[in-house]
Amino acid sequence: MSDRRAYAAGAAYYDLLSGELVYRAGRAAGVKLLDLQPGDTVLDVGCGTGLNFAHLVDAVGATGRVVGVDRSPDMLRVARRRIARRGWESVSVVQVDATEFTLADLGGRRVDAALSTYAMSVIDDAAAAWARIRAVLKPNGRVCIVDMQEPTGAARVLAPLARLACTMGGSDIDAHPWNLLATAAPAVQTRSLRGGHIQVVAGTVT
Ligand SMILES: C[S@@+](CC[C@H](N)C(=O)[O-])C[C@H]1O[C@@H](n2cnc3c(N)ncnc32)[C@H](O)[C@@H]1O
């Protein structure tokens, strides 16, 4: 099943099946490394059902903005329900392909920061998505990419399980999309979690 069909069929169950016991740590670490300031506007690329939103709203405060982009109407339906339930007036989502969106899709306002969790390895052309992120980022904007690879060291025994989880989610475990950021930022901060399976890479893009 293509990832497009998988996210259409599974959106209603995504929050239950997404393994938050394992993967929530990556969101928390990513938002922390992003070093958001009150009042910032932050873009969530491939936001899915909005599992990052609570972390981001806390970080940018009442004067900040969170904008999620995702191509899946079904994932965004769940995200919109979450926004309504939580009464977040500062959070909005846009249905658009991450490889094609422009500043106009974000209301013409550049963003201070961008986060992508577990999405860049699903997006077919991550380099194109990276180019779109850079095009809407303010100078010296912060970016954090949180994604997956095979576990390392002693945790390598769990590699088949990690590979299966990624395949089921339509993710390419060998994509290592944080390298796009590492080549564009003069310095990056990194965190390696869950036996190296989760990589958190953040940097300032000049
Ligand atoms: C594994 S989910 C991650 C969702 C969310 N970031 C999270 O951490 O829970 C991957 C998401 O990427 C989205 N996606 C895949 N390809 C995309 C593309 N080309 N443009 C926009 N979104 C895309 C899917 O619709 C899905 O919501």
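Residues numbered from 1 in each chain as written. Predicted model: local features only at pLDDT ≥ 70, side-chain atom pairs only at ≥ 80, totals over all residues. Heavy atoms only, no water.

## A short note on the state of the cysteines
Simply put, disulfide is the name for a covalent bond between the sulfur atoms of two cysteines.
Next up, step 1: Inspection of the entire model under this criterion finds zero disulfides.
Next up, step 2: Just so you know, Cys47 is unpaired, no disulfide at all, and the nearest cysteine sulfur is the one on Cys144, 16 Å from it.
Next up, step 3: Owing to a relative accessible area of 6%, Cys47 belongs among the buried residues under this scheme.
Next up, step 4: With a relative accessible area of 1%, Cys144 lands in the buried category. (Disulfide = S-S within 2.5 Å. Buried < 20%, exposed > 50% of the residue type's maximum accessible area, 1.4 Å probe, protein only.)

## Here's the deal with the pattern of salt bridges
Next up, step 1: All chains considered together, the criterion is met by seven salt bridges.
Next up, step 2: Ionic pairing is found between Arg71 and Asp97, a salt bridge with its closest N-O pair at 3.9 Å. Taken together, the positions of Arg71 in the loop between strand E2 (65-70) and helix H5 (73-86) and Asp97 in the loop between strand E3 (91-95) and strand E4 (111-117) put the pair 26 residues apart, joining distant regions of the chain.
Next up, step 3: We classify Arg71 as partly exposed; its relative accessible area is 23%.
Next up, step 4: As a salt-bridge pair, Arg163 and Asp174 come within 3.0 Å of each other at their nearest N and O atoms. With a gap of eleven residues between them, Arg163 in helix H7 (residues 159-168) and Asp174 in the loop between H7 and helix H8 (178-184) connect regions that are remote in the sequence.
Next up, step 5: The partly exposed category is assigned to Arg163, whose relative accessible area is 32%.
Next up, step 6: Among the residues examined, Asp174 registers a relative accessible area of 46% and is labelled partly exposed.
Next up, step 7: One salt-bridge network, in which partners are shared between bridges, spans Glu150, Arg156, Arg163 and Asp174. (Salt bridge = Lys/Arg side-chain N within 4 Å of Asp/Glu carboxyl O. Helix = DSSP H or I, 4+ residues; strand = E, 2+ residues; numbered from the N terminus.)

## Describing the pairing of E3
Next up, step 1: When E2 meets E3, the two strands line up parallel, connected through five bridges. Within E3, the residue paired with Asp70 across the bridge is Gln95.
Next up, step 2: Where the polypeptide runs from E2 across H5 and back to E3, its parallel neighbour, the crossover connection is right-handed. (Pairing = 2+ DSSP bridges. Right-handed = clockwise from strand over helix to strand, strands pointing away.)

## Thoughts on unusual backbone geometry
Next up, step 1: Backbone geometry places Asp35, a non-glycine residue, at a positive phi of 55 degrees.
Next up, step 2: Secondary-structure assignment places Asp35 in the loop between helix H3 (20-34) and strand E1 (41-45).
Next up, step 3: Looking at Asp35, the relative accessible area reads 48%, which means it is partly exposed.
Next up, step 4: Located in the positive-phi region is His176, a residue other than glycine, with phi close to 45 degrees.
Next up, step 5: Assignment of secondary structure puts His176 in the loop between H7 and H8.

## Notes on the sheet that holds strand E7 (residues 198-205)
Next up, step 1: Taken in spatial order, the seven strands of this open sheet run E3-E2-E1-E4-E5-E7-E6, and their pairing is mixed. Bordering the open sheet on either side are E3 and strand E6 (188-193), each of which pairs with just one other strand. Across the sheet, the axes of successive neighbouring strands diverge by a mean angle of 15 degrees, strand direction being ignored.
Next up, step 2: Pairing of E1 with E2 involves five bridges; the strand directions are parallel. When the sheet's bridge partners are listed, Leu43 is paired in E2 with Val67. (Axes fitted to C-alpha atoms, helices over the stretch in contact; angles between N-to-C directions.)

## A closer look at the nonpolar core
Next up, step 1: Grouped together as the largest cluster of nonpolar side chains are 31 residues, with contacts concentrated most on Leu36, Val42, Phe53 and Val66.
Next up, step 2: For this core, the elements supplying multiple residues, two or more each, are H3, helix H4 (53-60), H5, E3, E4, strand E5 (137-148), H7 and E7.
Next up, step 3: The element contributing the most residues to this core is H3, with five residues.
Next up, step 4: Residues Phe101, Ala114, Ala184 and Val201 belong to the second largest nonpolar core, which totals 27 residues. (Core = buried A, V, L, I, M, F, W, Y, C linked by side-chain atoms within 4.5 Å.)

Nothing here speaks to function; it is geometry throughout.
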